[in-house]
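Tertiary structure, described
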2 protein chains.
Amino acid sequence: MSKQPESSLQAEVDRLRLQLQSFQVNHGSEPITIANYLLARLEQLKVTKMFGVPGDFNLGFLDFVEDHPTIEWVGNCNELNAAYAADGYARVKEHSIGVVLTTFGVGELSAINGVAGAFSEMVPVLHLVGVPSTTQQKTKPMLHHTLGDGRYDAYIKAASNFAIAQAHISVKDAAAAEIDRLLTECITRCRPVYLTLPTDMVFEKISSERLKIPLSRLTPPNDPDTEAFVLDEIIKLIDQAADDVVIIADACAVRHDVRVELNELILKTGYPVYSAPMGKTAVSENYERYGGIYVGSISHPEVKEKVESAKLILSVGALKSDFNTGNYTYSMSPSRTIEFHSDHTKVQYAGFPGIGMKELLPMLTARLSEAKHKNPVPKFSAVVPKTADGVISQAWLWPTMGKFFKPKDVIVAETGTSSFGILDVPLPQDSIFVSQILWGSIGWTVGSTLGAAFAARDLGLNRTILFIGDGSLQLTVQELSVMLKHGLKPIIFVLNNSGYTIERFLHGKERKYNDISNWNWTGLLGVLGDAEGTLSQSYTVKTQAELEALLATPSFADAGKMQLVEIIMPKHDAPRALMQQAELSGKTNAYVSIA
Amino acid sequence: MSKQPESSLQAEVDRLRLQLQSFQVNHGSEPITIANYLLARLEQLKVTKMFGVPGDFNLGFLDFVEDHPTIEWVGNCNELNAAYAADGYARVKEHSIGVVLTTFGVGELSAINGVAGAFSEMVPVLHLVGVPSTTQQKTKPMLHHTLGDGRYDAYIKAASNFAIAQAHISVKDAAAAEIDRLLTECITRCRPVYLTLPTDMVFEKISSERLKIPLSRLTPPNDPDTEAFVLDEIIKLIDQAADDVVIIADACAVRHDVRVELNELILKTGYPVYSAPMGKTAVSENYERYGGIYVGSISHPEVKEKVESAKLILSVGALKSDFNTGNYTYSMSPSRTIEFHSDHTKVQYAGFPGIGMKELLPMLTARLSEAKHKNPVPKFSAVVPKTADGVISQAWLWPTMGKFFKPKDVIVAETGTSSFGILDVPLPQDSIFVSQILWGSIGWTVGSTLGAAFAARDLGLNRTILFIGDGSLQLTVQELSVMLKHGLKPIIFVLNNSGYTIERFLHGKERKYNDISNWNWTGLLGVLGDAEGTLSQSYTVKTQAELEALLATPSFADAGKMQLVEIIMPKHDAPRALMQQAELSGKTNAYVSIA
């Protein structure tokens, strides 16, 4: 029978203590406002930034935020961008969460797409909503921000589709327990949660006793008997595969916090490792036995062959969305696959609910040894193609950028040519790749870059670099202003290829609806808060030579101020991976070309 | 027994014909794609513009829109602004509807706050969503834009809270009837409806037979016996009041299309007329017996006295939200009030469901005659205060703008100092006031101005003029770009008073969270599409003299190009009405000032 790890026991102890707390009379702790109780919990979770927009019903709580010594209020330009920022912050700041504060109705509904995206991609975000007082919620007057028909629960109902848990602070004695329950759900299941704060509740005083017991992100331990069985089955299959085993790192390796465990497994065994797009940088891309991105039939042929011919695949944290799998063209039979997930394991065709990888992986690693025979791994590199015309094509851009990146850079790629183009480029040691490959809401990256840059600053990471298309930037441009305001210094590459390029490749290549208005991209920062021109620098590059020269300039590369680079690119050009994916998607969409 | 009006009978005939259509075999009509059937219905409803953003799953339908001879695609910068634009278009373009097209998940959720606002304020908007094919909806693959857990119905569920009807085209033979049902609900009940279009359904062919029968916006006729009873009761009360009767025009007089009927009643009787804020311009504000805005205890004292002392109040289309009633400070007893609504009537304390004002008002007017004694009406005017310092204060600005407005102007006022400040200013004959006093989502007016300006152009109205605070403009600024792109020529007044002023007055006057980043407002149009400086003109005015000079300049007033005027105003200044309203709201919010 397996021994429950110590950390897991400690977490269990803490959980039980918190449960008991609810029943015990509290003596001797300083009373605290509900607002400050919540902020204290967020501080314990290493939250340093709160995103959002002020609005009636949240102003009282905002006083507490503004006065808080360690949590800083980031006033966003709008609520959707604020939710995007909370998402980006949470992705980069491991073991923390993103927090977005909005107001009843008008604010929260503006944010809902951002929260849904975090739900979809398993990002722990707390959506806090300032709502009318508990009295008003009973009498239901026709306040501004209401629907006029008395339905005060409409927004909660809408939000419930995109949160794994909700809490409504209506009774002060239950507040602490409810806040703790909600935050625990958030950090253990890594999905958004939703909390309403009535105006009259934020300053009610409660006991601070529970704060002494930290919240735990550990999930309940695996059932020992099942776990032992599963381990034996896996070991059998690995033995049978006689070292012809390949590991694929995917989304949840990052999202569910098993990068350490995964890396131990990889280093101990020496098995070849590949990444699905959503797992890019789960494993260091310059690791010698890392072979690059596996994405079904649109993988590089060498990678496809190596992965699909392996006798056994260990898939860690799979999230098999269309863009993450080359439109579901994984051709490996389940009979050759073991899937590790946060809350279940799949061994060939057998499913084992409740057996999570956080615990299972180290136990597996302990049973394995270094492979005797090490299968060769294709070298993952990106060669800059030589062209005569000096045009910045997609095929030229991405390998070129690959040479520019440095360790600990945070690299954000918008849905579109960027998120596909960057797949083929090895990112440096300890860099973090940020993209939204499953949810795919264009414009997301402006807000998420803001959040990611704050987190990068907290963690002492290197530069934050964003690649975004001109079409996408138009949706959410104003958040550039907030980056300036807070002295962040991202490098923003704007791919100016005159339109929504990913849409062109999905359908409607020559259609006017895929055109956009051409903005003065390099004038944006000047109007959005850098009137003096001292906080930022903007550039346009039209040729390979111009971009190369810029990338080689130390003051540019050092990112000492916020920078925006407009890259002029051909209209009908896309990365190889995007063209192939779009063709596959287009077939399943059943679009018909009309004459 | 009352006679059913002819138009109502005709509408009933059409409804019955449509019902029968569903059962009859269709002969001889040209088959038509579902997409074009829908577009044909929209054309019948006088829709000339469709707002939205392209996205996977709606591109196939977009081909039909782009190819349509009379409906023009307006590519918005983001979906929230697109929904705002559909709302603004519908408000100005009487007897039409607003249409916004988004994509599955990411698009529709971005728009949902805009649709909820239209729901709240009774604006007929059709939200069209391009969704995966009917096959994909059955097999539920993990497509981009999905939640990753197989819930394909999550967005429909969320949307159901903000639509009076939904339809999902899944079977082609039901498509026409479903589209007709949905659009009929939209135009009769004046609230948003929601329609999903699977990619494979848009080009399925169906009969076009039903198109021969127009959709009707008339609601079912009032029950004749009840109506007769109600009329007698009302006549009795009016007789008892001996001409001391006052009329209040409110939101639904506009939203539910009774301006003609209301004006006939007013002219025939000569009773004094006032408006609630949301009813401003329901009645012409230069009508000699119109006394201005009634808003409970924050009305002008003369108005308050006249309204509250009347023996009988005829309230037409009341929508008693907090900001529309001075925080519910109407002091007239129901015993002196008759309320006319779209779907019920209230006579003193008695309620009469199903008795709608569209039919009732003309029947009432027919029974009334001109008042023998005409109570005096306070003159509704706005005097420009004389000040020595030349500062553009709130108190000075609004009366000054009052002199600038012309007949048939469309005047849009953002939630904040604008929507409160403009109340005290008489607007000219046939002008249209656009504001969002119940829902109050800041930033709404940029999108709604776009829609309103298109509608104004369709109808040959005069200028479209927007007043928006600097804080609000930051939420939705990009839509200025779309105005430029389409050659619209609104005049945008940006009130630069360094922050979210309405919030300052609600709470947190000196708080940093009510500050914003200062943008280069007059540089915006140049970067958002007018690089050459030929399409627009921007100005900054700091003093009364500068603004007066600008307003007096013919080329400015003629609005021959798009114009933006930054008005520098004091930080802690607000219109009288806002200060009073905020104080009342602040008390009910139960905010507590913390030291």
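Residues numbered from 1 in each chain as written. Chains lettered and ligands numbered in written order. Predicted model: local features only at pLDDT ≥ 70, side-chain atom pairs only at ≥ 80, totals over all residues. Heavy atoms only, no water.

Quick look at the packing of helix α2 (residues 34-44) of chain A against helix α8 (residues 172-189) of chain A
Helix-helix packing: each pair is described by the crossing angle between the helix axes and the interaxial distance. All names here are of chain A. Running from N to C, α2 and α8 point in directions that differ by 20°, and their axes come no closer than 10 Å. Classified by the interaxial angle, the pair formed by α2 and α8 is roughly parallel. Considering only the axes of α2 and α8, their crossing is right-handed. Of the residues in α8, those in contact with Ile34, Tyr37, Leu38, Arg41 and Leu42 of α2 are Lys172, Ala175, Ala176, Ile179, Asp180 and Leu183. Across the contact of α2 with α8, the residue classes break down as eight nonpolar, no polar and three charged. (Axes fitted to C-alpha atoms, helices over the stretch in contact; angles between N-to-C directions. Helix = DSSP H or I, 4+ residues; strand = E, 2+ residues; numbered from the N terminus. Parallel < 35°, antiparallel > 145°, perpendicular 65-115°, else oblique. Left-handed = near helix turned anticlockwise from the far one by under 90°. Contact = heavy atoms within 4.5 Å. Nonpolar A, V, L, I, M, F, W, Y, C, P; charged D, E, K, R; others polar.)

Re the UniProt feature "domain: Thiamine pyrophosphate enzyme TPP-binding" (unreviewed entry) in chain A
In the numbering used here, UniProt assigns the feature "domain: Thiamine pyrophosphate enzyme TPP-binding" (unreviewed entry) to residues 433-513 of chain A. Spanning residues 433-513 of chain A, this segment combines 44% helix with 17% strand, and its end C-alpha atoms are found 31 Å apart. (UniProt positions renumbered as here; feature names shortened; annotations may be inferred.)

Comments concerning the interface of chain B and chain A
Interface size is often expressed as the accessible area that is lost when the parts come together. Residue-level contacts link 94 residues of chain B with 94 residues of chain A. Across the chain B/chain A interface, buried area totals approximately 7600 Å², and carbon plus sulfur atoms make up 57% of it. Linking chain B with chain A are six salt bridges, by the criterion used here. Asp67(A) serves as the salt-bridge partner of Arg511(B), at 2.7 Å between the closest nitrogen and oxygen. Our count for the chain B to chain A interface comes out at 47 residue pairs in polar contact (both at pLDDT 80 or more). With eight residues, the single largest contributor to the side of chain B that touches chain A is helix α5 (residues 106-120) of chain B. The class makeup of the residues in the side of chain B that touches chain A is 43 nonpolar, 34 polar and 17 charged. (Buried area = accessible area lost by both parts, 1.4 Å probe. Salt bridge = Lys/Arg side-chain N within 4 Å of Asp/Glu carboxyl O. Polar contact = N/O pair within 3.5 Å; in protein donor to acceptor, adjacent residues only side chain to side chain.)

Focus: helix α9 (residues 224-241) of chain B
All names here are of chain B. With 18 residues, α9 should reach 26 Å at 1.5 Å per residue; the first-to-last C-alpha distance of 26 Å fits that figure. Of the surrounding elements, those touching the buried residues of α9 are β9 (245-249), β12 (312-316), β13 (337-340), β14 (344-347), β15 (350-353) and α13 (357-367). Looking one or two residues past α9, alanine 242 carries a phi angle of roughly 50°, positive in sign. (Expected span 1.5 Å × (residues − 1).)

A word on the pairing of strand β15 (residues 350-353) of chain A
All names here are of chain A. Relative to β15, strand β14 (residues 344-347) is paired through four bridges, and the arrangement is antiparallel. Its bridge partner lying in β15, threonine 345 is registered against phenylalanine 352. The turn linking β14 back onto β15 is made up of two residues, and glutamine 348 within it adopts a positive phi angle of 55°. (Pairing = 2+ DSSP bridges.)

Considerations on the side chain of Asp250(A)
Residues and elements named next belong to chain A. In this structure, aspartate 250 sits in the loop between β9 (245-249) and α10 (251-255). Buried charge aspartate 250 goes without a salt bridge, the closest partner of opposite sign being lysine 320 at 7.7 Å. One polar contact links the side chain of aspartate 250 to the main-chain amide nitrogen of leucine 319, over a distance of 3.2 Å. In this structure aspartate 250 touches Ala276, Met278, Gly279, Val316, Gly317, Ala318, Leu319, Asn324 and Tyr330, once residues within four positions along its chain are discounted. (Buried < 20%, exposed > 50% of the residue type's maximum accessible area, 1.4 Å probe, protein only. Lys, Arg positive; Asp, Glu negative; His and termini not counted.)

Comments concerning the relation of the copies chain B and chain A
Overlaying chain B on chain A yields an RMSD of 0.0 Å, the required transformation being a rotation through 180° with an accompanying axial translation of 0.0 Å. The transformation just described matches what one would write down for a two-fold rotation axis. Considering only C-alpha atoms, the residue of chain B closest to the rotation axis is Ala158(B), which sits at 2.1 Å. Looking at the interface residues of chain B, 100% of them are also at the interface in chain A, so both copies use one shared face. (Least-squares fit on C-alpha atoms with pLDDT ≥ 70 in both.)

Comments concerning the layout of surface pockets
Residue and element names in this part refer to chain B. The volume enclosed by the second largest pocket comes to roughly 1200 Å³. Along the wall of the second largest pocket there are 49 residues; nearest its centre are Thr188, Cys190, Arg217, Thr219 and His256. Looking at which element gives the most residues to the lining of the second largest pocket, the answer is α13, with five residues. Of the residues assigned to the lining of the second largest pocket, the class counts are 20 nonpolar, 15 polar and 14 charged. (1 Å grid on protein atoms, 1.4 Å probe; cavity = no way out; pocket = protein on both sides within 12 Å on 5 of 7 lines; lining within 4 Å. Points joined across faces, edges and corners; volume = space filled by probe spheres on them.)

Considerations on the packing of aromatic side chains
Under the counting rule described, the total for this entry stands at 38 aromatic pairs over all chains. Consider the rings of Phe493(B) and Phe556(B), whose centres lie 6.2 Å apart with planes at 70°: the pair is edge-to-face. Taken together, the residues Phe493(B) in strand β19 (residues 491-496) and Phe556(B) in helix α22 (residues 554-557) connect sequence positions 63 residues apart. In this structure, Phe493(B) and Phe556(B) share a single accessibility class: buried. Seen in terms of ring centroids, Tyr539(B) and Phe556(B) are 5.5 Å apart; in terms of plane orientation they differ by 85°. Their pairing is edge-to-face. Taken together, the positions of Tyr539(B) in strand β20 (residues 536-541) and Phe556(B) in helix α22 put the pair 17 residues apart, joining distant regions of the chain. Among the residues examined, Phe556(B) registers a relative accessible area of 0% and is labelled buried. Counting every residue linked through ring pairs, the aromatic cluster contains Trp398(A), Phe404(A), Phe405(A), Phe467(A), Phe493(A), Tyr539(A) and Phe556(A). Over the aromatic face of Phe119(A) sits the side chain of Arg191(A), whose NZ or CZ is 4.4 Å from the ring centroid. For Lys406(A), the ring lying beneath its charged end belongs to Phe404(A), and the centroid distance is 6.0 Å. (Phe/Tyr/Trp six-rings, centres within 6.5 Å; stacked < 30°, edge-to-face > 60°. Lys NZ or Arg CZ within 6 Å of the ring centre and 35° of its normal.)

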